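# Remarks on the overall topology
The chain contents come next:
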Amino acid sequence: MSIQRLKQLLARVPPILPWPDIGRIAKWSVSSYKFGFGAECLRDGEPETFWHSDGPQPHFITIEFPRKVAIQKISIYLSWPQDDSYTPSTLAIRAGTGPSDLQDVRVATLDKPDGWITFDVSSELSEDGTTYKAVHAYVLQIIVVANHMSGKDTHIRGLKILGPMEDNVTDDDPFPFTSPAFKMYETIR
């Protein structure tokens, strides 16, 4: 097996990231799709399947959470070598409390992506100036604004919505509440 082929295979493997995948608790929908290539293909973990939009641009992926959640990053799998003009080149990220009040929080420009790309949802720095703030929202929308070579429909092979890293319990904590049964007694009302 050539080194180039090995690199291609490794690019398909979802990265092991320290941020928790919160997309599993959400309801996913897309603006359009071709039969057999719907929103379920975004989450199936299979790099050979993909969401294939069907209709005029812009294309939307809407993720609705049952409660307000902190959203830190998005990890998206795109393959320009396989999908050519179907590959997104510009993504806009919107967030809000419902579909009618979404606000732009980030625009990402991608140049011939191949593999998993992970980026912060917010473009606003945290107080320490070293990381980006999490976005707190009920609804997240990813908009495919443009494709490479002015393509009309789009292919997205995988998508993960990631929450902030969970705080680790410090060693000096005399009562580390870690299990769900004990977590309910962590604070006093």
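Residues numbered from 1 in each chain as written. Predicted model: local features only at pLDDT ≥ 70, side-chain atom pairs only at ≥ 80, totals over all residues. Heavy atoms only, no water.

### Observations concerning the pairing of strand β4 (residues 73-79)
Moving residue by residue along a regular strand, the side chains alternate between the two faces of the sheet. Most of β4 sits out of view: seven of its seven residues are buried. A two-sided burial pattern is seen for β4, the buried positions comprising K73, S75, Y77 and S79 on one face and I74, I76 and L78 on the other. Pairing of β4 with strand β7 (residues 114-120), which is carried by seven bridges, proceeds in the antiparallel orientation. Across the sheet, S75 pairs through a bridge with T118, a residue of β7. Across five bridges, the pairing between β4 and strand β10 (residues 158-162) is antiparallel. Bridge pairing in β10 places Y77 opposite G158. (Buried < 20%, exposed > 50% of the residue type's maximum accessible area, 1.4 Å probe, protein only. Helix = DSSP H or I, 4+ residues; strand = E, 2+ residues; numbered from the N terminus. Pairing = 2+ DSSP bridges.)

### Observations regarding the nonpolar core
I61 and I161 are the most contacted members of the largest nonpolar core, which has 30 residues in total. Look past the residues within four positions of I161 in its chain and what remains in contact with it is P20, D21, I22, G23, W28, I63, F65, I71, K73, I74, L140 and I142. (Core = buried A, V, L, I, M, F, W, Y, C linked by side-chain atoms within 4.5 Å. Contact = heavy atoms within 4.5 Å.)

### With respect to the sheet that holds strand β6 (residues 103-109)
Two pairing modes exist for strands in a sheet, parallel and antiparallel, and in both the strands are linked by backbone hydrogen bonds. Pairing is antiparallel across the open sheet formed by five strands, whose spatial order is β1-β3-β8-β5-β6. Taken across any chain shown, the strands that pair with only one partner, and hence form the sheet edges, are β1 (27-30) and β6. Neighbour-to-neighbour, the strand axes of the sheet open up by a mean angle of 20°, direction not taken into account. Where strand β5 (residues 88-96) lies against β6, six bridges are found, and the strand directions are antiparallel. Paired with L91 across the bridge in β6 is A108. (Axes fitted to C-alpha atoms, helices over the stretch in contact; angles between N-to-C directions.)

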